[in-house]
Each structure stands twice: as C-alpha cells, then as structure tokens.
Amino acid sequence: MSILAIQDLHKTYGARPAVQGVNMKIGSGQIYGFLGPNGAGKTTTIRMLLGLIRPSRGNIQLFEQHLNRRALTKVGAIVEAPSAYGHLTGKENLQVVARLRGMSERRIPELLDYVGLKDAQNRVVRGYSLGMKGRLSIAAALMGSPEFLVLDEPTNGLDPNGIREVRELIQSLPQRGITVMVSSHILSEVEQMATHVGIIHQGMMRYEGALKDLQNRSKPTLRIRVSDPEVAFSKLQMSYPQAQLSEKTIELPADPEKAPGIIRELVQQNFDVYSITPHQATLEDLFMNITSKERAQ
Ligand SMILES: Nc1ncnc2c1ncn2[C@@H]1O[C@H](COP(=O)(O)OP(=O)(O)OP(=O)(O)O)[C@@H](O)[C@H]1O
C-alpha cells in the first residue's frame, strides 16, 4: 500500500523557490530517510505533507487519498525541535499532550514502557538525558496510534548515546505496523536505519530508491602509488580508460582481485609499486557528490 505519494510539489516564498517539483513515494513498512543539506527543502516538504502549509503547486496523497483531515489523523509527527515541560514528569508530559489533543490517556503506560521510560516516568523531564527526551517526544507522537510517523531531524542536537537510543526506537516501529519518514542532514544517522532514501538538493529530489540500490551504485576501485605515476598512469589507461590520476595516486575502477595482476604488470615494466589499496565509495561519498554543488555556492 502507498502511504505517501507526492507529485510535482512546489513551494515558493515570495519570489524564492524552496521546493521545486518534488516527487516522492513511500510504501507501507518502510523507514524512509529524507536527506539533504540544511536549507534543501526538507522541512518545507514535511510541513506541506502534514497540511501545515499550503503548496504553491502539486499533488499530495496520503494513504491513497488526497491530503485531507481524516487521513492526517493517522499521521504522527515531530516537526519542531522536541520540546517538553522540564518541571513535569515524563508521564505528566504525555498527559498534557493527551488533554491538549483530546485523546484518551489510556495508552500512556504502554507507550512509556515501549519507549523505555517506564522506570523514569515519575521523574521530572529536566533531569532526563537528551536521548530520554527524544524518546519521550516519540511517545507523544505515537499517542494517536498513527500508521505513519514523520520525524523532522529527530536526532538533531543529541549526543551519540541519544542518537543510538532514538535510532533503535525508530528501527522497531515497522514491527508495530508503523511506516516512518525521518529527515536528516547527516547521512550516517539515517544510513543505519533507513530501508529507502530520498535525497533533496536545492528543492529538487536528486535520488529516490532503496538504500541497497544506492549502495550498489558505489563501485570498487584500486588506488595505486608507484614511482613515476604519470608514465604508469598513461600505460594503465590503455587497459583502464576510466583511470584517474590525482595527487600522484592512480585510481582504477577494478575489483580487489585484479590487484595481483596489476602489480605484476607494473613491476615487469620496472615501476616500483609502493602501495595498492582497494577502495569502495561510501554512501557518504555518493551523498557528497549529489549535494556538493550546493555547498560550493
Ligand atoms: N517561512 C519561510 N519564509 C521564507 N523562506 C523560507 C521559509 N521557510 C523556509 N524558507 C527557505 O526555504 C528553503 C528551504 O528551507 P527548509 O527549512 O525547508 O530546508 P531544510 O532542508 O529543512 O533545512 P534545515 O535542515 O536547515 O531546516 C531555505 O532557503 C529557507 O531559507
């Protein structure tokens, strides 16, 4: 089932385009990492799909229906930085949320248990760690039993422990039948939990698909350091036209198993081989490639 489908979404603030023709598809059971550098248009897109701001143009379907109030009752979200009343306990904070939203308090004990705050429920939130506060805000977002949870930068400002706690919690959500969309400007945070990713850059979607497919795009290379690299490079280019030379290091698109043959060939031609190292572009490299233009500006 399609949880979210967006076509040709635009948002312009004055003359300034913030989102320019975004398409997006999120299927049931996915953890969808919505990635892009600061200012790329993530929050604007999220606010539109939650009905908080009106698109300038485009189409949003939630649960296979045009965006409407009823469909939105099945969506939970954390959009602004998670906030809670520091002088109230964790449990009291959830009670406030339930009352404000006109919801039953019945699920509070179960939710506190689920996010691992059962033992801390009667402690004031001021004394919570950042990870505990993050988990509490997820419990608040889960109060209405959503089928789709949208989290805008949920790990922003958390320490590594807090990030891990929130990540583990997010990873467990699909087992409860909850599809998740989680935005971040830090790829490595999403990489460990997402099944699918969408990369937005200057208001446009630059990549969307399974995380695995993106990972498969990164090809293995061999990095070679030899005496006389310019000459060795021109020789290797005959067999490897895509070879590159930078800072005296030759880089060839080749599997690690090719290394012994290449070493043999170079030695036979009287080059000294200082090192040959297999390298696989990381997802970070790909992400950087996609978003580097923006940072250069
Ligand atoms: N209310 C607004 N009025 C004018 N411009 C805005 C408004 N909200 C966002 N923008 C601009 O729209 C662009 C996209 O911002 P947005 O907040 O959606 O990006 P983002 O990817 O969520 O980044 P961040 O991680 O920094 O929040 C930015 O250039 C931003 O300055």
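A brief report on the enclosed structure follows. Computed from a predicted structure; not experimentally measured. (Residues numbered from 1 in each chain as written. Predicted model: local features only at pLDDT ≥ 70, side-chain atom pairs only at ≥ 80, totals over all residues. Heavy atoms only, no water.)

A word on the sheet that holds strand 12 (residues 244–246). Within the open sheet, the four strands sit side by side as 12-13-11-14. Their pairing is antiparallel. The sheet is open, and its two borders are formed by strand 12 and strand 14 (273–280), each paired with just one other strand. Pairwise comparison of adjacent strand axes, ignoring direction, gives a mean angle of 25° for this sheet. Relative to strand 13 (residues 249–253), strand 11 (residues 220–226) runs antiparallel, the two being bridged by four bridges. Residue pairing in the sheet places threonine 221 in a bridge with proline 253 of strand 13. Where helix 9 (residues 229–239) meets the sheet, it contacts strand 11, strand 12 and strand 13, and its direction lies at approximately 15° from that of strand 13. The strands touched by helix 10 (residues 259–268) within the sheet are strand 11, strand 13 and strand 14, with strand 14 carrying the most contacts at an inclination of about 155°. (Pairing = 2+ DSSP bridges. Helix = DSSP H or I, 4+ residues; strand = E, 2+ residues; numbered from the N terminus. Axes fitted to C-alpha atoms, helices over the stretch in contact; angles between N-to-C directions. Contact = heavy atoms within 4.5 Å.)

Next up on the list: the site of the ligand. Every residue lining the ligand is accounted for by Tyr13, Arg16, Ala18, Pro37, Asn38, Gly39, Ala40, Gly41, Lys42, Thr43, Thr44 and Glu153. Asparagine 38 places a side-chain nitrogen or oxygen 3.2 Å from an oxygen atom of the ligand. Side-chain polar atom of threonine 43 to an oxygen atom of the ligand: 2.6 Å apart, as the coordinates give it. Look at the ligand: alone it shows 620 Å² of surface, and the protein chains cover 61% of it. The set of elements that each furnish at least two residues to the shell around the ligand consists of strand 2 (16–27) and helix 1 (42–49). Examining the composition of the shell around the ligand, we find that three residues originate from one element, helix 1, more than from any other. Per-class residue counts for the shell around the ligand are four nonpolar, five polar and three charged. (Near = heavy atom within 4 Å. Polar contact = N/O pair within 3.5 Å; in protein donor to acceptor, adjacent residues only side chain to side chain. Areas by Shrake-Rupley, 256 points an atom, 1.4 Å probe, with all protein chains shown as cover. Nonpolar A, V, L, I, M, F, W, Y, C, P; charged D, E, K, R; others polar.)

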